[in-house]
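Structural description and commentary
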Amino acid sequence: MSTLGAGQPPILPEPGRARAVAGLAALLLVVVLVVGGAWRNTRHVIADHADRGVLTEIAAVLPAGLYDNSPARDLVQLDTGGGQPVPVHRARRNGRPVAAAVTVVTPDGYAGPIRLLVGISTDGRVLGVRVQAHTETPGIGAAVAADDSPVLAGLVGRSLADPPEARWTVRNDGGEFDAIAGATVSSRAVIGGVRRAVQYFTTHKDEIFALPTAVAGQ
Amino acid sequence: MTNDRDTGKATHGPWWSTSGLVGLAGLFPLLAVSRSFATGLALGIASLAVLCTSNVLVAGLAGSIPSRLRVPAFLVLIAALVTAVDLLFQAHWFALYDQVGLFVPLIVTNGLIVARAEAVAAHRGWWRALLDGLVYGAGFTLLLSGLGAVRELLAPALLVAALPAGALFLLAALLALRQAWLHGRRSP
């Protein structure tokens, strides 16, 4: 080429330019078709999964028969000042508040934050607890999240009066709850998270139930 | 050590072309993903699908893309394919997606796929690129699911097998076995 050695070569040599533009345009088209096509074909299925997921999670922490509304849709996103909005599903019976499923993220897990869904009745009792997301060590800390986890089972039926707040922690810290052997940190984090959820809900339940629903059924 | 990694031969079968063992390029996703047979297999198959489609598309497009833009262009293409696989996975294998969903987007960071695109697909016909994707993808799937199966079996008895470090140790053991085997074949 005549420009060889004459300073910076152009980014694209003149003869190839049209071809290069066509190639990049084709690439862009492929990218749009691939992503757009996959999105179009999957979005409804994925939304269904998400809905069903929320229903199962709620059913795990709120006893069926307690409510007659649809807590999955009766959702408010609370700003508790922690940055992330806190989703709260409200359960009502004959229009009157009976319970809520509160999501809490506790930062003090052994290997990172643990996300909990806590079912709490309006009289402040824990109805059920589920670990929704965690990164605890498989085989050790992860045991707190298991379906048959004794830590989660031990929390059901408790309230801020039972045990008193100071004893709302693992036995090692002078509390009332059994930790899972070898997973004291994870157990403590879960119990602390549930306590904070109950504290928050009992303090704010009137405001929470007065709020308009954040997701209009779409 | 000589290998056929850069000449694009796909004739030696999965053992020889298993990128995790030969190139170590695919090492990164091994650690997190090979926790059990099912997760290893799922991610292996997802990688296989991305590898095959990216190889075929690269074979078709490479001729018209200026060589300096090739790698970023391939990356965009691979990222798009991974996004599509992620969505399909989420829609059709939801139970498994629950466990491995976090790692599906990480397939983009798997150097193996870009390496195959650059080394083979960009210079060969589409059917040759597809064959290459199938062989490498199958090797990778075999390695991930095998490692997952071994870790799953060992985990109850040997804690380290369940931890991410266990994947490293097992991979090292596999490499050592392979080296010993190759060595044994060369010097009688």
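Just so you know, these numbers come straight off a predicted model, no measurement behind them. Counting from 1, residues in each chain are numbered in the order their sequence is written. Here every chain gets a letter starting at A, and every ligand a number starting at 1, in the order they are written. At least 70 in pLDDT is required for a residue's local features to be given in this predicted model, at least 80 for side-chain atom pairs to be given and counted, and no such filter applies to totals for whole chains, interfaces and linings, which use all residues.

For helices the rule is a DSSP run of H or I covering at least 4 residues; for strands it is a run of E covering at least 2, with both sets numbered from the N terminus onward. From N to C terminus, chain B includes 10 helices and 0 strands. The order of helices and strands in chain B, counted from the N terminus, is α-α-α-α-α-α-α-α-α-α.

Moving on: the overall build of chain A. What chain A contains, in helices and strands, is 3 helices and 5 strands. Remark: C-beta atoms are placed from the backbone, and a residue is labelled buried if 20 or more other C-beta atoms sit within 10 Å of its own, exposed if 12 or fewer do, or partly exposed between those counts. Out of the 218 residues belonging to chain A, those deemed buried represent 31%. When contacts within chain A are restricted to residue pairs at least 6 apart in sequence, long-range pairs at least 24 apart make up 55% of them. Contacts are defined on C-beta atoms placed from the backbone: any two residues whose C-beta positions lie within 7 Å are in contact.

It is worth spelling out the pairing of strand 2 (residues 86-93) of chain A at this point. Residues and elements named next belong to chain A. Pairing between strands is defined by DSSP: at least two bridges between them are needed. In this sheet, strand 2 lies alongside strand 1 (residues 75-78) in antiparallel orientation, the contact comprising 4 bridges. Bridged to Val 76 within strand 2 is Val 88. Bridging between strand 2 and strand 3 (residues 96-109) involves 6 bridges; their strand directions are antiparallel. Across the sheet, Ala 91 pairs through a bridge with Ala 99, a residue of strand 3. Linking strand 2 back to strand 3 in an antiparallel pair, the connection comprises 2 residues, with Asn 94 at a positive phi of about 50°.

Across the contact, 21 residues belong to chain B and 21 residues belong to chain A. Broken down by secondary-structure element, the contributors of at least two residues to the side of chain B that touches chain A are helix 4 (37-61), helix 5 (70-92) and helix 9 (159-162) of chain B. Considering each element in turn, the side of chain B that touches chain A owes the most residues, 11 residues, to helix 5 of chain B. Residues belonging to the side of chain B that touches chain A are distributed by class as follows: 17 nonpolar, 3 polar and 1 charged. Asp, Glu, Lys and Arg are counted as charged, while Ala, Val, Leu, Ile, Met, Phe, Trp, Tyr, Cys and Pro are counted as nonpolar; the rest, among them Gly, fall into the polar class.

Below, the discussion takes up the packing of helix 1 (residues 17-61) of chain A against helix 5 of chain B. Think of each axis as a best-fit line through the C-alpha atoms, taken over the contacting stretch in the case of a helix, with angles from 0 to 180 degrees between the N-to-C directions. Closest axis-to-axis distance for the helix 1 of chain A/helix 5 of chain B pair is 8 Å, and the angle between their directions is 10°. By the criterion of interaxial angle, the relationship of helix 1 of chain A to helix 5 of chain B is roughly parallel. Note on packing geometry: the crossing formed by helix 1 of chain A with helix 5 of chain B is left-handed. Where helix 1 of chain A abuts helix 5 of chain B, its residues A:Leu24, A:Leu27, A:Val30, A:Val31, A:Val34, A:Val35, A:Ala38, A:Trp39, A:Thr42, A:Val45 and A:Ile46 lie against B:Ala73, B:Val76, B:Leu77, B:Ala80, B:Leu81, B:Thr83, B:Ala84, B:Leu87, B:Leu88, B:Gln90 and B:Ala91. Taken together, the residues that form the contact of helix 1 of chain A with helix 5 of chain B break down as 19 nonpolar, 3 polar and no charged. Angular relationships are summarised with four words: roughly parallel below 35 degrees, roughly antiparallel beyond 145, roughly perpendicular across 65 to 115, and oblique for the angles in between. In this scheme the crossing of two helices becomes right-handed for a clockwise turn of the near helix relative to the far one and left-handed for an anticlockwise turn of less than a right angle.

Residues and elements named next belong to chain A. Its location among the elements puts Val 156 in the loop between helix 2 (150-155) and helix 3 (184-210). The class for Val 156 is partly exposed, based on 14 C-beta atoms found within 10 Å. On a C-alpha basis, the gap between Val 156 and Gly 128 in space is 5.5 Å, while along the polypeptide they are 28 residues apart. Filtering out sequence-adjacent residues up to four positions away, Val 156 remains in contact with Val 126, Leu 127, Gly 128 and Val 129.

Here we take up the sheet that holds strand 2 of chain A. Residues and elements named next belong to chain A. Taking strand neighbours across the sheet as the criterion, the 5 strands line up as 1-2-3-4-5 in an open arrangement whose pairing is antiparallel. Each edge of the sheet is formed by a strand with only one pairing partner; in this case those strands are strand 1 and strand 5 (126-133). Along the sheet, successive strands turn relative to each other by an average axial angle of 25°, direction set aside. Each of strand 2, strand 3, strand 4 (112-121) and strand 5 is contacted by helix 1, which is oriented at about 140° to strand 5, the strand it contacts most.

What follows concerns the confidence of the model for chain B. Residue and element names in this part refer to chain B. Confidence of the prediction at every residue is given by pLDDT, a number between 0 and 100. Here chain B averages 78 in pLDDT, while 82% of its residues score no lower than 70. Highest mean pLDDT in chain B belongs to helix 5 (90); lowest belongs to helix 2 (residues 19-22) (48). Note that pLDDT drops below 50 for residues 1-8; the model gives that stretch 10 contacts with residues more than four away or on any other chain. Interface confidence in the predicted complex, given as ipTM, is 0.71; pTM for the same model is 0.60.

To estimate the expected span of a helix, subtract one from its residue number and multiply by 1.5 Å. Taking 1.5 Å per residue, 45 residues should reach 66 Å; helix 1 of chain A reaches 62 Å between its end C-alpha atoms and fits that length. Working definition for bend: take the seven residues up to and ending at a residue and the seven starting at it, fit an axis to each, and measure the angle between the axes. At A:Thr42, helix 1 of chain A is bent by approximately 45°, the largest bend along its length. Taken residue by residue, helix 1 of chain A has A:Gly23, A:Leu27, A:Val34, A:Ala38, A:Ile58 and A:Val61 as its buried positions. Packed against the buried residues of helix 1 of chain A are strand 2, strand 3, strand 4 and strand 5 of chain A together with helix 4 and helix 5 of chain B.

What follows covers the nonpolar core. In this description, a nonpolar core means buried residues of the types Ala, Val, Leu, Ile, Met, Phe, Trp, Tyr and Cys, linked to one another by C-beta atoms lying within 7 Å. In terms of nonpolar packing, the biggest core is built from 48 residues, with B:Val50, B:Val58, B:Leu77 and B:Leu81 touching the most fellow members. Of all the elements in the fold, those that place two or more residues in this core are helix 1 of chain A together with helix 4, helix 5, helix 7 (111-119), helix 8 (126-154) and helix 10 (164-186) of chain B. Among the elements that line this core, the one with the most residues is helix 4 of chain B, at 12 residues. Not counting chain neighbours up to four residues away, the residues in contact with B:Leu81 comprise A:Val34, B:Val50, B:Thr53 and B:Ser54.

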